[in-house]
Every structure is written in structure tokens, then in C-alpha cells.
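Coordinates in review
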Amino acid sequence: MQNPPRTDDATNRRLWRLVGPVVVGGGAAAFWALWTIPSHSEQFLAMALLVVAMIGAGFTFIEIRVRSTWFATTPTTALLTVAAVFLPAAPMILGALCGMFLSLLARRRFDPQKIAFNVGKETLAATAAVFAVAGVGTEPILVASHFSVTGELAAVFAAFITYALVDEIIWQALFAIVTNTPYRQRILAPRGAELTTRFVQLPVAVVTVLAYHVDAWLLVLLPLLVYALHLSTANHVRTRQGNEAWQRLAEATDEFNSVDQTDVLHAAVRRAADIFSTDEAEVEIRPPSGESRLVRHNGKKITYDGPPGDAPEAEGFLIPVRLESYRGDGDLGELRLRFRTGAVKLTEREQYTLRTFTAALCTAIRNATAFAETERLAESHARAAAQDPLTRLANRRRLQQYGTELLAAGATDGVFGVLLIDLNHFKEVNDTLGHAEGDRVLIAVAERLSAAAHPGDLVARFGGDEFAILLTGLSAPAMAELRAHAMLDALAPPIELDDMRISVEASCGVTTTGTGGSVGELLRRADVALYQAKQEGQRVVVYARARDTADVGSLTLGGDLARAIAEHQFAVHFQPIVDLASGRVIAAEALTRWHHPDRGPLPPDRFLGAIERSGQFAAFADAVLDQALIAATEWADAGYPIPVAVNVSPRSLLDPSFPDAVARRLSAHGVPSSALVIELTESVTLSKLEVVDEVLAALRGQGIRLALDDFGTGFSSLATLARVPVDELKIDRSFVAAMNDASAPGAVVRSTVDLGRSLDLLVVAEGIERDEQRRQLWELGCPAGQGHLFARAVPADRLLASLERGAGSLAEPLHDTGAVIRMSRSRRARRMSMGGESTGREKLT
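In this report, we go over the structure that sits alongside the text. All values derive from a computational prediction rather than experimental measurement.

How each quantity is defined
- Residues numbered from 1 in each chain as written.
- Predicted model: local features only at pLDDT ≥ 70, side-chain atom pairs only at ≥ 80, totals over all residues.
- Heavy atoms only, no water.
- Core = buried A, V, L, I, M, F, W, Y, C linked by side-chain atoms within 4.5 Å.
- Buried < 20%, exposed > 50% of the residue type's maximum accessible area, 1.4 Å probe, protein only.
- Helix = DSSP H or I, 4+ residues; strand = E, 2+ residues; numbered from the N terminus.
- Contact = heavy atoms within 4.5 Å.
- Expected span 1.5 Å × (residues − 1).
- Pairing = 2+ DSSP bridges.
- Phe/Tyr/Trp six-rings, centres within 6.5 Å; stacked < 30°, edge-to-face > 60°.
- Axes fitted to C-alpha atoms, helices over the stretch in contact; angles between N-to-C directions.

**Considering the nonpolar core**
Burial of nonpolar side chains together is a common tendency in soluble globular proteins. Formed by 73 residues in total, the largest nonpolar core has its most connected members in Phe570, Phe574, Trp635, Leu676 and Leu777. The element best represented in this core is helix α21 (residues 617-637), accounting for nine residues. Each residue touching phenylalanine 570, except ones within four places of it in the same chain, is listed here: Leu561, Ala564, Ile565, Thr592, Arg593, Trp594, Phe607, Ile611, Phe620 and Gln627. Within the second largest apolar cluster, 38 residues are counted, among which are Ala126, Val133, Val156 and Phe160.

In C-alpha cells, the structure reads:
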């Protein structure tokens, strides 16, 4: 016998479509039995015994829960099978009806619907069993005129199968309605435990019939046999249920080994619905970091997976279980078992299984959450490693990675180019408005560059005010320059900062894959082009191999520096500086040469960069200065106390200890500070003026003379001259070479000479190669010069020999001693305009 599930009102209305016909059919069978029942007292006694037996059987049951429904399996099947074989039809049907009714009342089952359904079902099943016996052709044993054991056993099998079949058909129809599942699915669903408890009753019926033929008094022992069989069956069912539950639990914990959170949660609700036979199972997690999540399973599939607040409402009896970590690190969430058709109380075994299941689930959720957090952090770190934190653009690493991927993919969509953009005078924005406003400018620049980029391009920030853009899908290398101009045009409109408008100017270096090379090499070439753009004051410069002085070979020189210094491979040569009028040597400039054992003589522009980048720079600078001071000492001892000029690196001028180091060298060699001239490049003194001011002041305070080399080639020559306390100006060789070819270089020379005279500075012209250049410079008022006309750079001893041969002179004087020179009218006019001053240089001495 089984208890029908509790249902809601809507389900009740659907159930009556089944319960009604069952009750009507059972009533019809009972009416027929009352109409046909004989008045034999022995049959009434047998019917009464059947009623009593059914009441007793009602208290001997095995309960099996399927979802919210308990199946109470009793020995009724065996009892009614035996009754169908022993009793005539009418007493058997009425006995089954009365026995079921009184059994329900005895067990306090007072629900009219349940009573009507169970009584009607039992009456129909008993009626079917009776007619099955009649169909076999066997008379009931109590009224039979003769006995046939074979026929009676056939009747037992027919009655048992018919009763069980009718009972199952009606019950599965009922549960198909209650659980909203197709009837075919209910019929074909596996029901091992249910069928086991039913079919073990068949041997009881068979033994009862056989025992009656042996001795009718053996039937007295039948209740003991039934009870023993009941205990054995109950124990078997419980053992089987326990084994199945532990097997399912083991399979669930295996699935929990996944570190994917979705796999764990889906496995949890699927396995919970199966293990605990629920209508629905759901798990909600509330991780310490991240969003909460709800996953729901209806026994067939996942019906919801998302935020708990968006989940559809679900009805039914709920058993919630908190997911608490055994480590006590907080509430992880909740597992919920839902039963739609009634309240359920889990057995002790199920409660223990549930505790074990939730403990394994807590561990799995914690591991999956930790793994997800680890992946999130890894992704965050990967993004941070490939992203500029201020502008959210790609960084150098990401651009190099993207470029490498494009190179590896091959030129399937044209060539790609690299733009390197540097903002001009951005330091002034930071110094004037502060770094916060400077950051806003950089963000605005990043947004404009990103907006101007095409799909597939990558805009990156390399740091500071330097940006790079990787252009893809260029139809030809020349398109890169057009795109570069478009990028700079995008930066042209002023940037609005509160109530200010900031104009941004930029320079750009361009290169493309048409020049070959790796991404790193392309960036280097773009940097070379950018440097040329800034030096030449141009907006955009395209990389040209002919203008690239760097090569891979220069990198290998760094490994040879230590040996070169130790073996004195660096030699200092000296080019004399002469008085243009008299031809006498008034100073000498030290120029370094590297006599490389494998590559031969190397000029400074081949190795100075490698030295400045290496750790050998200090030793190199000391070696050069020592050789220059030793040469000055030798010349002075020979009677030619001429100063020596030494070029210094920008790195030296950024070293606060550099003046002290120079003073120690002068003292060690016994050379007066007035015999040393430090030559500076204009670009260094201007770009790092605030850093080198103290260093230059300290040098000049020692009495060391300062010379400004390559004057006129920078952007702000006059501004530099006003800030740097120099003693000499050196006119770049490019102006001297072009004096007669164009008016501008000649004007630069004249203005430089006049400026030097006005500031009382010695002016030296470089690159004099012809006598006419010497004479022309002298006539312009330039007092000194150097170049191949007088001498090339030679070792110190050879220069000393030349001095001794010429008695300190390297060229004939332009005029005899004491001669009075008539100046040209233009030159005389300039002198008159200066107040009639005479420099004393018009008269040779």
C-alpha cells in the first residue's frame, strides 16, 4: 500500500480526473460483490479473517521515499493473491474493500480523498486478481470439489501478476499527474527498490498454497513467515539504499574535484537532486569578493544560473543547509532541497549523507573560488603588465607583443608601420601647472590618438610624454607618413583644462616593415627618426638608413672597453688652434682615437655612445684627461705653455663630483687651471641647464675656461649664452664651409664674431681648410681658428715637433710685423658704429 502525495488545490482538480474513475470502478465492483455474495457462513468467516489480516498487514510496511512521496509497501499483494486463490469472488472483493478501509482508519489516515482513492484502487486490483484466477479455470480452494496443485499455482501467478499490474498502472498514472511528468516516463523509470519489495511477496503466496495442502494448521505459522520476510526485505532495502547513496556521494565528490566554479555548482545541484530525491535543488554562493550566484536544477536540467535577485520564485517545502567552511572562515552560501508536493523529513542516514555532501561541497566551492580569484588576479596582472596605468593604453610590452604577432602572421594585409610621438615642451606644462594637470593632458592626448587610430592599429604609451602607434593594413610604406601627419593634426586643437586652453605640439618619427627588422629594431629606427625630427625642428621625419649612424657592431664594442682602457688602446691626438693673423699656436683641442686591434682606428662618433652606456665611462674620462694634461705639461716644459681644450660628455656635467675630480687631476700633474679649457655642446647645456649650472659654476670658479662648441647649431643659442658663463665661442665648421656659397652662413659667422667681441669672448672658427677662408674670417674680425689648413689632429709629440720647427707658429702671418692695415669701408663703418673702439687686432704685432 502506498500513501498518495500531498498536493495543492490545482493538482487536486487534476487528480479527480483519475481518482473519480478509480472510485467509481471500485464502487461498481463492490456493488456487484454485494449483489452476488452467497450467504454461506464459512465464507463470511473467511472474509472476516481477510479483513483482520489486512488491518495487521497495514502496520507491517517498508517506507521508501521518492521526492516528497513515501511509498509504504505492505504484504497486501501476497495477502490478496492468496485470498483470490482461496475465496470466491464476492467475499474476496468485499474483504479487500473493508480491510483497506479499516486499515486506513486504524492508522489514522482520515483524508477522504486518500481513503477513497486507496479503497477504490485496492477494490479494482482485487477484482482483477479474482477474475484472473477465474480465467485460469481454477476454483477457489475453499469451495473446490477437487484440488490441482498445478492449477492452483498457476492461479497464484495469474492473480499476483494481475494485481501488481493494475496496482502499478493506477499508481504511476497518479504520480505522473502529481510530478508533471509524462506517463510513459513514469512507467519506464527504474524502480528497483519498489519492485523488489513487491516481488518478494510472490514466494509467500506460493508457500501458503503448498502449506495448506500439506497441513492446514501450518497456516498458523504464516504470519511469522511473513514478518520474518518483511524484516529481511526491509533490511535488504535499507542496505541497498545506503549503498546507492554512498556510491552517488562518491561520484559527486569526484566531480567536486574540478577547479571550475561552474562545473562544481552544476554538479552540486544535479547530484543533490539525485541523492536526496528532490523535486528541485539549488545552491547559492556568496563569495567574499565578487558577485553572489544562484544555480537551480529541477531533476532534469539546469533551470537557472545567475544573480539570486533575478531568479524566478520557486514554491515548495524547503530544507536549507548553510555552507559553512570547516576552517571557520565565514559563510560560503546555502544549499536548498525543495519538495513541491509536501513536507519531508530526512532519515538519519539521509541527514548524515547531507552533512557529508555539504562538507565536500564547501571544500570544492572554496577551492574553485580560490582558483577563480587566482585567475582573476593573474588576468589583472597580465592586463597591468600590458597596460599603461594612467591612460589605459597599451604599454611597450604589449606593443612589442602585438607587433611580433603581426610579423609572425606574415604580410597578409599590407605592411605595418611604427610611429613614435614625443610631445614638445611638455615639461613646461608639468612645471607650470603641476603633475596632476600634466596627467590630464596626457589622458587627453591618449584619447585623441586612440580616436584617430584605425581598426587594427594599437596606440601605446611608453612613459612620460612619449607615445607609439602601430599602424596596420598600410597599402604602401609611404602611407605611414600621411597617417603620422593625421595623428599630429588630431593633437592640434587646444586641450580644455578647466578655464585654460593648452596647445600641444609634437614631433614624430616614422618607420615601416618595408625597411625590415624585428619590432625592437623598428622601434629603434622610429626613435632615430624622432630624434632627427626634434633636432631639425620638423613635425614628421621618416627613417632613412643613410642617416642612421648606429649599427649592431657598436653594441659589441661595449665588451671591448675594459681591455681597451687597460691596454691603453685609446690615444689622444691634438689639433692646434692658431691666431689667424700671426699663425701662432694659442691652444690645442684634444681628440680621442681608439686603435682597435681588430677594427683599426675608430673615430669618437663610433664609440662614445657605447662608452657612455657602459660602466667604463669614469675610467675612460680619467684616462683622456690624464693624457691631455700630460701633453700640456710636456709642452710647457719645452717652452710652449699652451692651453689644452677637452670635450666633456653630458654625463660628466650631470655629475656633481666632476669639478673635484678635475681639480685633483690638475693638482696631480702640476697644471694650472688656466691651462685647461672645457668644451661644452650647446644642446646639453640647454636641455639640462638646471642640472649643470652648479657644475659649470664650480669649474669656472677654479679658473678653468669654458668654451661653447658648435655655436649656432642649437635652437636657443642666445638664451644659452645668457645663462652659461663661457669664455669662448666656437663657430661650427658647417658655417665656415658655406660662407661663400650662401648669405645665411656668412651672416651667422659675422654675427657670432660681433657677439663675441661685444661680450669679450674669444671666437674660434672650426674647419678652416683654405687660405682664403682664413683671410676672410680674419677680415670679419674672427681672431682664431683651427682646421686642416694648419694641421690635422696628431699625437702630442708630433705637435711639439711642429711647434719647435715653426718656433710656435704653424703658418705664415697674414702681414708683416708692424704693418698698418687699411680696413675695408664696410668694416670701418662697423667700427665707427661701435663708438670708434679698436680691438687692437687691426695692427699685427
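**Observations concerning α21**
Helical periodicity: at 3.6 residues per turn, an α-helix aligns residues three or four positions apart in one direction. The end-to-end C-alpha distance of α21, which contains 21 residues, comes to 30 Å, matching closely the 30 Å that a straight helix rising 1.5 Å per residue would cover. Turning to α21, its buried residues are Phe617, Phe620, Val624, Leu625, Asp626, Ala628, Leu629, Ala631, Ala632 and Trp635. After α21 finishes, the residue glycine 639 shows a positive phi value of roughly 95°.

**Describing the pairing of strand β3 (residues 280-285)**
The buried fraction of β3 is high, at six of six residues. Of the two faces of β3, the one holding Glu280, Glu282 and Glu284 and the one holding Ala281, Val283 and Ile285 are both buried throughout. Pairing between β3 and strand β7 (residues 331-339): six bridges, direction antiparallel. In the sheet register, glutamate 282 faces β7, and the bridge partner there is arginine 336. Bridge count for β3 against strand β4 (residues 293-297) is five bridges, and the pairing is antiparallel. Following the sheet pairing, isoleucine 285 is matched in β4 by arginine 293.

**Focus: the packing of aromatic side chains**
Ring pairs (aromatic) are described by centroid distance and by the angle formed between their planes. One pass over the structure, following the stated rule, counts six aromatic pairs. Seen in terms of ring centroids, phenylalanine 570 and tryptophan 594 are 4.9 Å apart; in terms of plane orientation they differ by 35°. Their pairing is tilted. Of this pair, phenylalanine 570 sits in strand β15 (residues 570-579) while tryptophan 594 is found in strand β16 (residues 585-596), placing the two residues 24 residues apart along the sequence. Residue class for phenylalanine 570 comes out buried when judged on its relative accessible area of 7%.

**So, unusual backbone geometry**
Across the chain, the bulk of peptide bonds are trans and the bulk of non-glycine residues have phi less than zero. Non-glycine residue arginine 392 carries a positive phi angle of around 65°. Relative to the elements of secondary structure, arginine 392 occurs in the loop between α12 (348-385) and α13 (396-409). Even without being a glycine, aspartate 760 presents a positive backbone phi close to 60°. As for its placement among the helices and strands, aspartate 760 is situated in the loop between α28 (743-758) and β22 (762-765). Of the residues examined, aspartate 760 reaches a relative accessible area of 70% and is grouped as exposed.

**Considerations on the environment of leucine 153**
Here leucine 153 shows up in helix α6 (residues 149-178). Sequence spacing of leucine 153 and valine 206 is 53 residues, and the spatial spacing of their C-alpha atoms is 6.7 Å. When neighbours within four sequence positions are excluded, leucine 153 is seen to be in contact with Val206 and Leu210.

**Quick notes on the sheet that holds β7**
Judged by pairing direction, the sheet is antiparallel, and its five strands sit side by side in the order β5-β4-β3-β7-β6 without closing on themselves. Here the strands that pair on one side only, and so sit at the sheet edges, are β5 (302-306) and β6 (317-324). The sheet shows a mean angle of 10° between the axes of neighbouring strands, taken without regard to direction. Taken together, the eight bridges between β6 and β7 define a ladder with antiparallel strand orientation. By the bridge assignment for β7, glutamate 324 is matched with aspartate 331. Strand contacts of helix α11 (residues 261-275): β3, β4, β5 and β7, with the helix running at about 40° to β4, the strand carrying the most contacts. Most of the contacts of α12 go to β6, to which it runs at about 50°, and overall it touches β3, β6 and β7.

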